[in-house]
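# Structural overview
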Amino acid sequence: GTVTYSGVTAVFTPASNLAYSTVYTATITTGAKDLAGNALASNYVWSFTTGAAPDTTAPTVSSTVPANAATGVAVNSAMAATFTEAMDPLTITTTTFTLKQGATAVSGTVTYSGVTAVFTPASNLAASTTYTATITTGAKDLAGNALASDYVWSFTTGAAPDTTAPTVSSTIPVNAATGVAVNSAMAATFSEAMDPLTI
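These notes cover the structure that comes with them. (Residues numbered from 1 in each chain as written. Predicted model: local features only at pLDDT ≥ 70, side-chain atom pairs only at ≥ 80, totals over all residues. Heavy atoms only, no water.)

## Remarks on the overall build of the protein chain
- Of the regular secondary structure elements, the protein chain holds 0 helices and 15 strands.
- In terms of overall dimensions, the protein chain is more spread out than a globule: its C-alpha atoms have a radius of gyration of 36 Å, far above the 16 Å expected for 199 residues.
- Based on the C-alpha atoms only, the size of the protein chain along its principal axes is roughly 135 × 40 × 20 Å.
- Taken across its 199 residues, the protein chain has 19% of its residues classed as buried.
- At a minimum sequence separation of 6, the contacts of the protein chain that also span at least 24 residues come to 55%. (Helix = DSSP H or I, 4+ residues; strand = E, 2+ residues; numbered from the N terminus. Rg over C-alpha atoms; globule rule 2.2 N^0.38 Å. Buried < 20%, exposed > 50% of the residue type's maximum accessible area, 1.4 Å probe, protein only. Contact = heavy atoms within 4.5 Å.)

## Considering the pairing of strand β1 (residues 2-6)
- With 0 of 5 residues buried, β1 lies mostly on the surface of the structure.
- By the bridge criterion, 5 bridges tie β1 to strand β2 (residues 9-13) in an arrangement that is antiparallel. Each bridged residue has a counterpart across the sheet, and for Thr2 the counterpart in β2 is Thr13.
- Taken together, β1 and the strand that follows it, β2, pair antiparallel across an intervening segment of 2 residues, in which Gly7 is found at a positive phi of about 65 degrees. (Pairing = 2+ DSSP bridges.)

## Side note on the packing of aromatic side chains
- Taken as a whole, this structure holds 7 aromatic pairs when the rule is applied.
- Ring plane angle 50 degrees and centroid distance 6.0 Å describe the contact between Phe97 and Trp153, whose orientation is recorded as tilted. One end of the pair, Phe97, is in strand β8 (residues 97-101); the other, Trp153, is in strand β13 (residues 151-157), with 56 residues separating them in the sequence. Here the two residues Phe97 and Trp153 agree in accessibility, since each one is buried.
- Through pairs of rings, three or more aromatic residues link up here, namely Phe97, Phe119, Tyr151 and Trp153. (Phe/Tyr/Trp six-rings, centres within 6.5 Å; stacked < 30°, edge-to-face > 60°.)

## Structural notes on the nonpolar core
- The biggest cluster of nonpolar side chains holds 22 residues, and the ones touching the most others in it are Phe83, Phe97, Ile135 and Phe155.
- Going through the elements one at a time, β6 (70-73), β7 (79-83), β8, β10 (108-113), β11 (116-121), β12 (130-135) and β13 are the ones with two or more residues in this core.
- Contact partners of Phe155, with chain neighbours within four places excluded, come to Pro66, Ala67, Ala70, Val73, Met79, Leu99, Leu125, Thr129, Thr130 and Tyr131. (Core = buried A, V, L, I, M, F, W, Y, C linked by side-chain atoms within 4.5 Å.)

## Notes on the sheet that holds strand β5 (residues 61-65)
- Taken in spatial order, the 4 strands of this open sheet run β5-β7-β11-β10, and their pairing is antiparallel. Of all strands in the sheet, those with a lone pairing partner are β5 and β10, marking the two edges. Strand-to-strand twist across the sheet, computed as the mean angle between neighbouring axes with direction ignored, equals 15 degrees.
- Across 4 bridges, β7 lies against β11 in antiparallel orientation. Bridging from a neighbouring strand, Ala81 pairs with Ala117 of β11. (Axes fitted to C-alpha atoms, helices over the stretch in contact; angles between N-to-C directions.)

## Regarding unusual backbone geometry
- Looking along the chain, the bond that leaves Val65 and enters Pro66 is cis, with omega of 0 degrees.
- Locating Pro66 in the fold gives a position in the loop between β5 and β6.
- Positive phi is not limited to glycine here, since Ser21 has a value of about 50 degrees.
- Among the structural elements, Ser21 can be located in the loop between β2 and β3 (23-28).
- The backbone of Ser128 shows a phi angle near 50 degrees, a positive value even though the residue is not glycine.
- Inspection of the secondary structure puts Ser128 in the loop between β11 and β12.
- Classification of Ser128 as exposed rests on a relative accessible area of 52%.

Here is the structure:
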């Protein structure tokens, strides 16, 4: 390095950056003298430690719920993305975490806690439909590093739930039958498969 002196201050300027997380010792020896020729009484020594290396690693998405290409996803599901490190909560918003069906944006809210962001749709998703979730490079970690590229994944919702009530389509004996044998069994046929535990 180089040494400069001005007024009553000496400055040592290293020729290159110091190493991170390293202890250094500075010394001014008794060779340093005042204008009258008086030397320091003894060497002056002090130490310091440099800071840790700055975080320059871009965060990534380590997992999602639902997983990419998942099928049969419940229509009332929320979407979640887990990051490899803590993110700046101010950068996790409905602008940086979106859900679309084709080109149509799905409205919803975004929350962030720990290392996980959650997009909750404002209403149930459509059945048997493919959706695409995106987290943009606007999402940044606490050191200000953005995702290296947009993270995109898709999934397909399940079929619409069955809300049609079953019916009895036929009986043995038929309704209002007469002359039925006294040792007969009765049978009822339904319009669809039934839950055996309810019969």
